[in-house]
Amino acid sequence: VCSVGAYNVAGSFVALWALVKVLRALRWRLKTTQLRGPPRTSFMYGVLRDLVVSQDSGGMYERWATEYGVAYVIPSVLTQTTTVLCDPKAIAHFYARETWTYVHTPLSLTFLESFIGRGLLWSEGEAHRRQRKALTPAFSNAAIRKLTSVFYDSAYKAKGAWDTAIESSKDGYAVIEVQNWMNHISLDTIGIAGFSHDFGSLDGKQASVTEVFDTFGNNRKGSAVNHIFFLLASAFPIMMKIPTKRTNLMKKLSVAMAEISNDLLIRNRREKDINVSERDEEKSIIGLLIKSEGQDAELRMSKEEVMAQMKGLLVAGYETTSISLTWALIELSRHPDVQTRLREELLAFGADPTYDQLKANLPYLDAVVHEILRLHPPVGEFTRLAAADDVIPLSEPVRTESGEVTDNICIAKGTLITIPGAAINRSSAIWGPDAKEFKPDRWLTEDGISGKAKEVQGHRHLLTFVDGPRTCLGKDFAIAEFKTVLLVLVKNFVFEMRDGPDTPVEIARGLLPRPRVVGEDGIGVPLRVRRYE
């Protein structure tokens, strides 16, 4: 009798669960504009596997936008679908409501919490507003102005090492694996500028953080198992807690960052008590985080939140900047005319520019930097979940599944929304017929940026730093570091692809997608480097 009763209860729960699922599906269909989109190429994965393994997922999104309109739907894992927005007006509406109407997916939340913790990157709504407000002063112009010397110090350390390598070569040049060096520059810079801690990677010290990051890029193509695991986890986030080689690496990185963060927190707190005045302490990122721990501070953060911010800063400050610098050296090697013109501007300027001069007095450097950020954004797309029903306006009408034409789309609670930032940055419909070309001049003329591109809200009409409440807090820090390092290297060295200007470059799947010369191990980008004389 007990057994029969248990089966009946279990059966009732299953039936109730199925009913809830059916009712949610019906509500979603009634409340959501049924858009057109590409057919499934896989019953299990929809088109997601094609996007994950593609060398040009942005191009795929752009082709679908041309075929189905500026808003369309793609099939994803099992029965899930995702609405894709490629329209500037729709994207502006979306970003204005992020962290409230549009929130992290369950997969993002699980990943960020286990990898970084409940910091700014993880939080939503009021918690996000509070944490961002507490951190904002550390990234002001005044704060970054004081950090410019740190950027120069890291760049000149690399220059010194490269000078030595070239001097010891009888060929008058050295073949240098530049991505590895960009990693070292980025890590040491965020360590000193953010935490007053020198990781010493430019001096040859082995930092556990670097080792784990590098391991992510060492798998030649990314195993089929990892692809399948990632795709299934988008439907079943609990899978992120299952130990795999990749999740174990993430755990190792998280532990390594937590140890470093904890040591830095203790050391800086001790220094604060001994000889750091409150006024000086608040200028550094770590100082601001320590201050926020105080019970009486208006925007107090818990110790868990402080640790999460530090881990988030390490990840963001290390990965994204080194990727952008590597792409810059690749593009300058492919385009020697651009490299020469940039060097001429820098040499004509003379002494190393101040932070304010970097921002205002070197237009071609600014153009090159922003063209790299346009063509090669470190993060290519963002996916969010609608936490409430919404109506999204479009700047141009789309045709629905039933053949009707509409200039707005209804979005039901629970809908997944993807913004393909890389596709928007390189879209021919938005940036014109030369959108795929590396063309810094577009940033220097009045008509260089088309009318459609000007409709894209975000830093300089780019989605590289996203927009709205989640606009990258370290944007100005990153651009200042990018410009400073590139300036020092291009003034002093001439760069060429080791195997000629047509050397093919592919995307390696690390923590973020990174460039890699075809045939190289790991994340290898070997360039022929000689002194400029």
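Scroll up a little and you will see the structure.
Residues numbered from 1 in each chain as written. Predicted model: local features only at pLDDT ≥ 70, side-chain atom pairs only at ≥ 80, totals over all residues. Heavy atoms only, no water.

Asker: Quick rundown of the overall build of the chain? Include the residues and the values.
Answerer: Along the backbone of the chain there are 21 helices and twelve strands. Taking all 533 residues of the chain together, the buried fraction comes to 53%. Taking contacts inside the chain between residues at least 6 apart in sequence as the whole, the part at least 24 apart equals 73%. About 23800 Å² of surface is accessible on the chain, with carbon and sulfur atoms providing 56% of the total. (Helix = DSSP H or I, 4+ residues; strand = E, 2+ residues; numbered from the N terminus. Buried < 20%, exposed > 50% of the residue type's maximum accessible area, 1.4 Å probe, protein only. Contact = heavy atoms within 4.5 Å. Areas by Shrake-Rupley, 256 points an atom, 1.4 Å probe, with all protein chains shown as cover.)

Asker: Could you give me a rundown of the sheet that holds strand S9 (residues 493-497), with the residues and numbers involved?
Answerer: With antiparallel pairing, three strands are arranged side by side in an open sheet as S4-S12-S9. Because the sheet does not close on itself, it has two edges, and the strands there are strand S4 (174-177) and S9. Averaged over all adjacent pairs, the angle separating strand axes in this sheet is 40°, with direction ignored. The sheet contact formed by S4 and strand S12 (residues 526-531) spans four bridges and is antiparallel. Residue pairing in the sheet places Glu177 in a bridge with Pro526 of S12. Packing of helix H15 (residues 303-334) onto the sheet brings it into contact with S9 and S12, and relative to S9 it is tilted by some 80°. (Pairing = 2+ DSSP bridges. Axes fitted to C-alpha atoms, helices over the stretch in contact; angles between N-to-C directions.)

Asker: Quick rundown of the packing of H15 against helix H21 (residues 475-492)? Include the residues and the values.
Answerer: Viewed as axis vectors pointing N to C, H15 and H21 meet at an angle of 40°, and their least axial separation amounts to 10 Å. In terms of orientation, H15 and H21 fall into the oblique class. Judged by the twist between their axes, the crossing of H15 over H21 is right-handed. Judged by residue contacts, Thr321, Ser324, Leu325, Ala328, Leu329 and Leu332 of H15 engage Ala478, Glu481, Phe482, Val485, Leu486, Leu489 and Val490 from H21. A class-by-class count of the residues in the contact of H15 with H21 yields ten nonpolar, two polar and one charged. (Parallel < 35°, antiparallel > 145°, perpendicular 65-115°, else oblique. Left-handed = near helix turned anticlockwise from the far one by under 90°. Nonpolar A, V, L, I, M, F, W, Y, C, P; charged D, E, K, R; others polar.)

Asker: Could you give me a rundown of the side chain of Lys491, with the residues and numbers involved?
Answerer: Its place among the elements puts Lys491 in helix H21. A polar atom in the side chain of Lys491 sits 2.9 Å from the backbone oxygen of Gly350. A polar contact of 3.4 Å, which involves the side chain of Lys491, links it to the side chain of Asp352. Excluding its chain neighbours within four sequence positions, the residues that come into contact with Lys491 are Arg343, Leu346, Leu347, Gly350, Ala351, Asp352 and Tyr532. (Polar contact = N/O pair within 3.5 Å; in protein donor to acceptor, adjacent residues only side chain to side chain.)

Asker: Quick one: what's the story with the nonpolar core, residue by residue and with numbers?
Answerer: Formed by 148 residues in total, the largest nonpolar core has its most connected members in Leu85, Trp162 and Leu486. Ranked by residues supplied to this core, first place goes to H15 with 14 residues. Apart from residues lying up to four places away in sequence, Leu486 is in contact with Leu325, Ala328, Leu329, Leu332, Leu342, Leu365, Val368 and Val369. (Core = buried A, V, L, I, M, F, W, Y, C linked by side-chain atoms within 4.5 Å.)

Asker: Can you break down the side chain of Asp390 residue by residue, with the values?
Answerer: Here Asp390 is to be found in strand S6 (residues 390-399). Although Asp390 lies buried, it forms no salt bridge, and the closest oppositely charged side chain, Arg97, sits 4.5 Å away as judged by the N-O distance. Those residues in contact with Asp390, other than ones at most four positions away along the chain, are His93, Arg97, Thr101, Tyr102, Ile409, Cys410 and Ile411. (Lys, Arg positive; Asp, Glu negative; His and termini not counted. Salt bridge = Lys/Arg side-chain N within 4 Å of Asp/Glu carboxyl O.)

Asker: Describe the pairing of strand S7 (residues 405-411), and please don't skip the residues or the numbers.
Answerer: One face of the sheet, then the other: side chains in a regular strand alternate in exactly this way. Of the pairings in the sheet, the one linking S6 to S7 comprises six bridges and is antiparallel in character. Across the sheet, the residue bridging to Arg399 is Val405, located in S7.

Asker: Mind laying out the sheet that holds strand S5 (residues 382-386), listing which residues take part and the relevant values?
Answerer: Taken in spatial order, the five strands make up an open sheet running S1-S2-S8-S5-S3, and their pairing is mixed. The open sheet is flanked by strand S1 (71-75) and strand S3 (102-104), the only strands paired with a single partner. Taken over all neighbouring pairs, the strand axes of this sheet differ in orientation by 40° on average, direction set aside. Two elements, S1 and strand S2 (residues 81-85), share five bridges in a ladder whose sense is antiparallel. Across the sheet, residue Ala71 finds its bridge partner in S2, namely Leu85. The strands touched by helix H4 (residues 88-96) are S2, S3, S5 and strand S8 (416-419); relative to S8, the strand with the most contacts, the crossing angle is about 120°.

Asker: Please set out the pattern of salt bridges residue by residue, giving values where relevant.
Answerer: Counting across every chain of the model gives 31 salt bridges. Salt-bridge contacts for Arg442 lead to Glu371; the nearest nitrogen and oxygen are separated by 3.0 Å. Here the residue Arg442 occupies a position in the loop between helix H20 (428-431) and H21, and Glu371 occupies one in helix H18 (residues 363-375), the gap between them amounting to 71 residues. Given the relative accessible area of 2%, Arg442 is considered buried. Residues Arg528 and Glu496 are paired through a salt bridge, measuring 3.7 Å at the closest nitrogen-oxygen approach. Of this pair, Arg528 sits in strand S12 while Glu496 sits in strand S9; the two residues are 32 residues apart in sequence, bridging distant segments of the chain. Given the relative accessible area of 24%, Arg528 is considered partly exposed. Counted as one network, the salt bridges with shared partners bring together Glu371, Arg374, Asp434, Lys439 and Arg442.

Asker: Which residues make up the packing of aromatic side chains, and what values go with them?
Answerer: Taken as a whole and judged by the stated rule, the model has 13 aromatic pairs. A ring pair is formed by Trp64 and Tyr72, whose centres lie 6.3 Å apart and whose planes are at 75°; its orientation type is edge-to-face. Under the relative-accessibility criterion, Tyr72 is labelled buried at 0%. Ring centres 6.0 Å apart and planes at 75° place the aromatic pair Trp162 and Phe495 in the edge-to-face group. (Phe/Tyr/Trp six-rings, centres within 6.5 Å; stacked < 30°, edge-to-face > 60°.)

Asker: Explain helix H3 (residues 57-68) to me, and be specific about the residues and the numbers.
Answerer: Taking 1.5 Å of rise per residue, twelve residues should cover 16 Å, and H3 covers 16 Å from first to last C-alpha, within 8% of that figure. For H3, the set of buried residues is Gly58, Gly59, Met60, Tyr61, Glu62, Trp64, Ala65 and Tyr68. The inward-facing, buried residues of H3 contact helix H2 (48-53), S1, S2, S8, helix H19 (421-425) and H20. Immediately beyond the C-terminal end of H3, within one or two residues, lies Gly69, with a positive phi of roughly 110°. (Expected span 1.5 Å × (residues − 1).)

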